[in-house]
Amino acid sequence: MSTNLPSEPSQGDRTNPEGPIAADDLLPPVEPPNAKFIIQLFVTPMVIVASVVGIWLLLQWLANSGDTDPDKIVAALRSSNQARFQQAAELSHMLQAEGRYPELKTNRELVKKLAELLLQQVDEKREGEGDVTMRTFLTRSLGEFHVDDGLPALIATAERDQQRGVRRDAINAIAVLATNVPDLDRPELVELMRDLADSDDELFRSEAAFALGVLAESPSASTDYRDLLALLAEDFYPDARYNAGVGLARCGDLRAVPVLQEMLDLNALVASVDSEKGVGDPNSSNYEQLLARLKTQKRNVLIKNGLRGVELLLEKQEPKDLQELEVAIEKLLNEAAKLEEAEQVPESLIKRAKKLRTKLAG
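Residues numbered from 1 in each chain as written. Predicted model: local features only at pLDDT ≥ 70, side-chain atom pairs only at ≥ 80, totals over all residues. Heavy atoms only, no water.

K.L.:
Break down the overall build of the chain for me, citing the residues and quoting the values.
P.N.:
Secondary structure assignment for the chain yields 18 helices and 0 strands. Expressed as a percentage of the 362 residues in the chain, the buried residues total 41%. A separation threshold of at least 6 residues defines the contact pool for the chain, and within that pool the share at least 24 residues apart is 66%. On the chain, roughly 21100 Å² of surface is accessible, and the fraction owed to carbon and sulfur atoms is 53%. (Helix = DSSP H or I, 4+ residues; strand = E, 2+ residues; numbered from the N terminus. Buried < 20%, exposed > 50% of the residue type's maximum accessible area, 1.4 Å probe, protein only. Contact = heavy atoms within 4.5 Å. Areas by Shrake-Rupley, 256 points an atom, 1.4 Å probe, with all protein chains shown as cover.)

K.L.:
Please provide a residue-by-residue account of the pattern of salt bridges, values included.
P.N.:
Applying the stated criterion across every chain, the model contains 22 salt bridges. Residue D235 is joined to R205 by a salt bridge in which the shortest nitrogen-to-oxygen separation is 2.7 Å. Residue D235 is located in the loop between helix 12 (223–232) and helix 13 (238–250), and its partner R205 is located in helix 11 (residues 202–216); the two are separated by 30 residues in the primary sequence. Residues D235 and R205 agree in their burial class; the two are buried. Several salt bridges converge on common partners, so that one network encompasses E127, R135 and D161. (Salt bridge = Lys/Arg side-chain N within 4 Å of Asp/Glu carboxyl O.)

K.L.:
Give a description of the packing of helix 6 (residues 108–124) against helix 7 (residues 129–144) that names residues and reports values.
P.N.:
Between helix 6 and helix 7, the shortest axis-to-axis distance is 10 Å and the interhelical angle comes to 145°. Crossing of helix 6 against helix 7: the hand is left-handed. Contacts from V111, L114, A115, L117, L118, Q121 and V122 in helix 6 reach D131, M134, R135, L138, T139 and L142 in helix 7. (Axes fitted to C-alpha atoms, helices over the stretch in contact; angles between N-to-C directions. Left-handed = near helix turned anticlockwise from the far one by under 90°.)

Purely geometric numbers; function is a separate question.
Structure below.
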């Protein structure tokens, strides 16, 4: 007796009594795209892109045709919202633009108002992050102008700001201002430089040495500047000594020679380079490797500055008076050739040294 049972209907039988459905029949029907679909696919992305480009063009226009009204600029900087930093960035961009905005860079009214704002903030001694950032911006900006009306404010900031970093920026701003304004010389500036050269803070002595090198280069500059450079050229802090040496070289002063010799001596540079501290976690596996790289980079910067000092001296001195430097460069080239690959002096500096050796020999 047969025991066959009815079989289970197939999947096709459940959905279609007429039989299985083909794979193509499972796809949605193809229909012409409607207007909504076209807008979503093409128009909306185009609007987004156009908006982004429009915003970018607007920002470019604002940066290129920024409002230079002193009252509006200072009012924006005085505000307590984040927009003041946008105004600060825009003004900084305009001041640093080479060959542009000449009227802005000689706007004495704007300089006066910025200087007043800086002095007010220095006297208020606010130490919030935003306040320190704004004072840093103001000091750097005052150095970018081509008039010296902001000099008293920079001197005051370098003397008495509560933040070491802001004081350093003020000293640097004075050096930048000295490159923009010929014969930048006032009794109070001489006094400031004298105090900085005698400071217990090695950072201030180093920054002062750099600024003095720029100030002393002017033919009508106070002779005190060069005397202070000569004093700092014997400073026990290497960076102050090296900045002073290059500063003396700017003036064509032969008292730069001993310092430049040191800057071209790989063995003598060890003490300065070894004082460099690493970044990151000292316990990390690659700390020593990063520190070694950092020291090599600093050594190369010092060599570069030393060679620059020799070039500056050659502009104002005869090669026959610089034979000690010829010997120093010859020694540098010989010692550099013995270094291992990881410590090698860059080829660009080697070529520069050889070129100078030829000039000095001639």
